[in-house]
Amino acid sequence: MTQNKKLNAWIKEMVELNAPDNVVLINGSAEQEAQLREESCKIGEIFKLNQEKLPNCYLHRTAVNDVARVEHRTFICTSKKEDAGATNNWMSPADGYDLLKPLFKNSYKGKTMYVIPFSMGVVGSEFSKIGVELTDSIYVVLNMYIMTRVGDAVLEALGPDGDFVKGLHSRANMDENNRYIVHFPEDNTIWSVNSGYGGNVLLGKKCFALRIASYLGRNEGWMAEHMLILGLENPKGEVKYIAAAFPSACGKTNLAMLIPPDLYTKKGYKVWCVGDDIAWIRKGPDGRLWAMNPENGFFGVAPGTNDKSNPNALESTKRDTIFTNVVHNTDDDTVWWEGLDKNPPKNAVDWKGNKWDSASGEKGAHPNSRFTSLAKNCPCISSEFENPQGVPLSAIVFGGRRAKTAPLVYQSFDWAHGTFVGSIMASETTAAAMSAVGVVRRDPMAMLPFCGYNMGDYLRHWLDMEKSVPNLPKIFNVNWFRLNDNGKFVWPGFGENFRVLDWIIDRCEDKVDAVETAIGYIPKIEDINISELDYEIENGHKFGIEDLKDILTVEKDYWIEDIKGIEEFYATIGDTVPAELHKQLDALKARLSK
Ligand code: OXD
Ligand code: MN
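Just so we're clear, the structure is a prediction, and the values are computed from it rather than from any experiment.

### Description of the overall build of the protein chain
No. 1: Helix and strand counts for the protein chain stand at 17 helices and 33 strands.
No. 2: Scaling as 2.2 N^0.38, a compact globule of 594 residues should have a C-alpha radius of gyration of about 25 Å, and the protein chain matches this with 24 Å.
No. 3: For the protein chain, the spread of C-alpha atoms along the principal axes amounts to about 70 × 55 × 45 Å.
No. 4: Out of the 594 residues in the protein chain, the part that is buried amounts to 61%.
No. 5: Within the protein chain, counting contacts between residues at least 6 apart in sequence, those at least 24 apart form 72% of the total.
No. 6: Only carbon and sulfur atoms are counted for the fraction: they give 49% of the accessible area of the protein chain, which is about 23400 Å².
No. 7: Considering the protein chain, the positive charge centre built from 66 side chains and the negative charge centre built from 80 side chains are found 0 Å apart.

### So, the domain arrangement of the protein chain
No. 1: Looking at the assigned domains, one finds that the protein chain contains domain 1 (5–45 + 73–221), domain 2 (225–297 + 383–593) and domain 3 (298–375).
No. 2: Measuring from the centre of the C-alpha atoms in domain 1 to the corresponding centre in domain 3 gives 28 Å.
No. 3: Facing the 10 residues of domain 1 at the interface are 10 residues of domain 3.
No. 4: Carbon and sulfur atoms supply 68% of the area that domain 1 and domain 3 bury against each other, a total of about 830 Å² over both sides.
No. 5: Of all residues in domain 1, the largest losses of buried area upon contact with domain 3 belong to Tyr139, Ile146 and Tyr197, amounting jointly to 57% of the total for that side.
No. 6: At the surface where domain 1 touches domain 3, the tally comes to zero salt bridges.
No. 7: For the pair domain 1 and domain 3, the number of links is four residue pairs in polar contact (both at pLDDT 80 or more).
No. 8: Residue assignment for the side of domain 1 that touches domain 3 shows that the elements contributing at least two residues are helix H5 (138–147) and helix H7 (198–201).
No. 9: A breakdown of the residues in the side of domain 1 that touches domain 3 according to their chemical character gives six nonpolar, three polar and one charged.

### Notes on the side chain of Arg370
No. 1: Summarising the element assignment, Arg370 is placed in strand E24 (residues 370–374).
No. 2: This buried residue, Arg370, is left without a salt bridge; Asp277 holds the nearest opposite charge, at 6.8 Å.
No. 3: A distance of 2.8 Å separates a polar atom in the side chain of Arg370 from a polar atom in the side chain of Asn368.

### Points about helix H14 (residues 498–508)
No. 1: Taken across its 11 residues, H14 has 11 buried, putting it largely inside the fold.
No. 2: When H14 is considered as a whole, its buried residues turn out to be Phe498, Arg499, Val500, Leu501, Asp502, Trp503, Ile504, Ile505, Asp506, Arg507 and Cys508.
No. 3: Asp510, located one to two residues past H14, shows a positive phi value of around 55 degrees.

### What to know about the layout of surface pockets
No. 1: Within this model, the second largest pocket holds a volume of roughly 400 Å³.
No. 2: As for the second largest pocket, its lining consists of 18 residues, of which Lys308, Ser309, Phe494, Gly495 and Glu496 are closest to the centre.
No. 3: Its residues placed into classes, the lining of the second largest pocket shows seven nonpolar, seven polar and four charged.
No. 4: Per-domain counts for the lining of the second largest pocket show at least three residues from each of domain 2 (225–297 + 383–593) and domain 3 (298–375).

### Focus: the pairing of strand E9 (residues 165–170)
No. 1: Among the six residues of E9, five are classified as buried, and the element is accordingly described as predominantly covered.
No. 2: The pairing of strand E7 (residues 129–135) with E9 spans four bridges and is parallel. Its bridge partner being in E9, Leu134 is matched across the sheet by Leu168.

### Some words on the sheet that holds strand E20 (residues 327–329)
No. 1: Taking strand neighbours across the sheet as the criterion, the four strands line up as E21-E20-E22-E23 in an open arrangement whose pairing is antiparallel. With one partner strand each, in any of the chains shown, strand E21 (334–336) and strand E23 (355–356) form the two edges of the open sheet.
No. 2: Looking at chain direction, E20 and strand E22 (residues 348–349) are connected through two bridges and run antiparallel. Along E22, the bridge assignment pairs Asn329 with Ala348.

### Points about the nonpolar core
No. 1: Of all hydrophobic cores here, the largest spans 96 residues; its most connected members are Met227, Trp280, Phe398, Tyr458, Trp462 and Tyr570.
No. 2: For this core, the leading source of residues is H5, giving nine residues.
No. 3: If we skip the residues at most four places from it in the chain, Met227 touches Ala243, Ala244, Ala245, Lys252, Asp277, Ile278, Ala279, Ile281, Ile396, Phe398 and Trp462.
No. 4: Val326, Ala365, Phe385 and Ile505 belong to the second largest nonpolar core, which has 68 residues in total.

### Digging into empty space enclosed by the protein
No. 1: Counted according to the given criterion, the structure contains four cavities of 30 Å³ or more.
No. 2: Put simply, the largest cavity is a space of about 110 Å³.
No. 3: Every residue lining the largest cavity is counted, 14 residues in all, and those nearest its centre are Arg402, Ala406, Ile424, Ala426 and Asn477.
No. 4: When its residues are assigned to classes, the lining of the largest cavity shows seven nonpolar, four polar and three charged.

### With respect to unusual backbone geometry
No. 1: Positive phi is not limited to glycine here, since Ala172 has a value of about 45 degrees.
No. 2: Take Ala172: it is sitting in the loop between E9 and strand E10 (180–184).
No. 3: Ala172 gets classed as partly exposed once you look at its relative accessible area, which sits at 22%.
No. 4: Of note, the phi angle at Met445 is positive, near 50 degrees, even though the residue is not glycine.

### What to know about helix H1 (residues 5–18)
No. 1: The terminal C-alpha atoms of H1, which comprises 14 residues, lie 20 Å apart, in line with the 20 Å expected from a rise of 1.5 Å per residue.
No. 2: Burial in H1 covers these residues: Leu7, Trp10, Ile11, Met14, Leu17 and Asn18. Seen end-on, H1 carries its buried residues on one side only, within an arc spanning 120 degrees. Of the exposed residues in H1, those oriented more than 90 degrees away from the buried face are Lys5, Lys12 and Glu16.
No. 3: Lining the buried residues of H1 we find helix H4 (93–104), strand E6 (112–120), E7, helix H6 (152–158), E9 and strand E11 (189–193).

### Brief notes about the pattern of salt bridges
No. 1: Taken as a whole and judged by the stated rule, the model has 30 salt bridges.
No. 2: In this structure, Arg37 and Glu33 form a salt bridge, with 3.4 Å as the shortest nitrogen-oxygen distance. One end of the pair is Arg37 and the other is Glu33, both in helix H2 (residues 30–42) and four residues apart, which spans about a single turn.
No. 3: Salt-bridge contacts for Arg218 lead to Asp457; the nearest nitrogen and oxygen are separated by 3.9 Å.

### So, the side chain of Asn477
No. 1: Residue position: Asn477 is located in strand E29 (residues 474–478).
No. 2: Residues in contact with Asn477, not counting those within four places in the same chain, are Phe398, Gly399, Ala406, Leu408, Val409, Tyr410 and Val421.

### Points about the site of ligand 1
No. 1: Looking at ligand 1, the residues that line it are Arg69, Lys206, His226, Asp277, Arg370 and Phe450.
No. 2: One of the side-chain nitrogen or oxygen atoms of His226 is found 3.2 Å away from an oxygen atom of ligand 1.
No. 3: Computed on the free molecule, ligand 1 has an accessible area of 210 Å², of which 85% lies beneath the protein chains in the complex.
No. 4: Among the residues making up the shell around ligand 1, the classes are represented as one nonpolar, one polar and four charged.

Parameters and conventions
Residues numbered from 1 in each chain as written. Chains lettered and ligands numbered in written order. Predicted model: local features only at pLDDT ≥ 70, side-chain atom pairs only at ≥ 80, totals over all residues. Heavy atoms only, no water. Helix = DSSP H or I, 4+ residues; strand = E, 2+ residues; numbered from the N terminus. Rg over C-alpha atoms; globule rule 2.2 N^0.38 Å. Buried < 20%, exposed > 50% of the residue type's maximum accessible area, 1.4 Å probe, protein only. Contact = heavy atoms within 4.5 Å. Areas by Shrake-Rupley, 256 points an atom, 1.4 Å probe, with all protein chains shown as cover. Lys, Arg positive; Asp, Glu negative; His and termini not counted. Charge placed at Lys NZ, Arg CZ, Asp CG, Glu CD. Domains from an automatic or database assignment. Buried area = accessible area lost by both parts, 1.4 Å probe. Salt bridge = Lys/Arg side-chain N within 4 Å of Asp/Glu carboxyl O. Polar contact = N/O pair within 3.5 Å; in protein donor to acceptor, adjacent residues only side chain to side chain. Nonpolar A, V, L, I, M, F, W, Y, C, P; charged D, E, K, R; others polar. 1 Å grid on protein atoms, 1.4 Å probe; cavity = no way out; pocket = protein on both sides within 12 Å on 5 of 7 lines; lining within 4 Å. Points joined across faces, edges and corners; volume = space filled by probe spheres on them. Pairing = 2+ DSSP bridges. Core = buried A, V, L, I, M, F, W, Y, C linked by side-chain atoms within 4.5 Å. Expected span 1.5 Å × (residues − 1). Arc of directions from axis to C-beta. Near = heavy atom within 4 Å.

Below you can see the structure in the form of structure tokens.
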């Protein structure tokens, strides 16, 4: 079927297991993509939207019980349990294959097996990696056409002997009690069964580019991270790059594509998006860390995306986009979601496929409804997006949603302390989330659900980068979500976050001094530019210098309280947490008690 013997043998083996009626190789051509779209429409899997208003755009609905990633059904199968670590679900590889084989057995009967060769990263780059996904879903194929580089060029780059990640997906009978997302890092293999939701079935993304890649990266001396990458251009045309990790629901895609405040755009400042979700990071020949985005598109959360929060993302969805689980406006075959605008459609069908009235109080779009859009359609996509070398990083930024604990921004003392800062990353649940308000969820580097090996070893790998990379980026932490005593956001967020990025770059270039505190360096008040910042916090109270002082304050009592949580969290990882991080925690304790 292809020039690659290992690929042919594996396809043969998987055909025997899954028993498809026929096999189609994805060649990456526009003709094949168009033909598959037609077929997918014919079988009712996707719906063609208004081609004048939304050219090449389609709508898909998942099963109602299949709308998000299933972390409790996600496994890392390594020979030794400790290699997966206490924070991952584990099975032995033999048990994993034994459990899943019967679920795949004959599951493609009456269906076609699509063979998708795909490249994470620019095809043929020495930093890219190749995978092949087998699937019974045209929706998956069409999404992979957007999210990755697919087809003949990938097979050519693979050559007759090249290795690849083997991804097997089957919707099987969509039994949620037998839904599994299983990774075999020692075999470069991913098996996903009984789901049709993107995060579970677009195997290039979380499964390969984070879980398998983080495992490969540890062995090969590089890092796969859950990070956006952006370039900040100054009026002289110089561009500095930042990678940033946040847990879900902290505005990663918004930050990646932000438009600076007028004050800055008038002077010529710009932000360029290199990626919104995943960064592969390695040492460059200049001894710096270089980051590339292995993806080719955005799989973004639709609700809340609008022309204020993220005009660039919204513009990216205007063509060549697959929408999943949003509202269908049946008057003109367009789409809508909560937070798009204040005009929900009159005649509409909700994400479940039922007639929907916005006055009902029910949400029309699922809160995790998505758009799959091409990166090249984003108005602020970086000219370096296709650069196989990636971009050199000046700063790494961590962040979370903390009501009081973390200040607006602080800088770590050095790399080891920065690794510690990443390891204690946390977000507090909000009223919008299902669980109790104010519960702190720890999520080191936003990688807890995505690390393909032991989290303690992962943190050691971070620390170890210092041994091989002489010119490391500076590490910062931000918190856009400080609340006042009335529970109102003090900082405006969105495009105004640029003011903080501006300080971060100034620090990287040694242009400004800072104040040393127990937790790290915080800005001098005058170094965060708040001129022309017009934001009403509440009841006519406009953001001012006192508010800035407030959110830059290190609240010691909250930090002392937080230490307990950090200790408990480290205990859940176990004794692989590097001694250096315990030392960092002790040093923080000592500084706080001074
Ligand atoms: C995502 C996630 O979908 O992090 O990007 O959950
Ligand atoms: Mn993500």
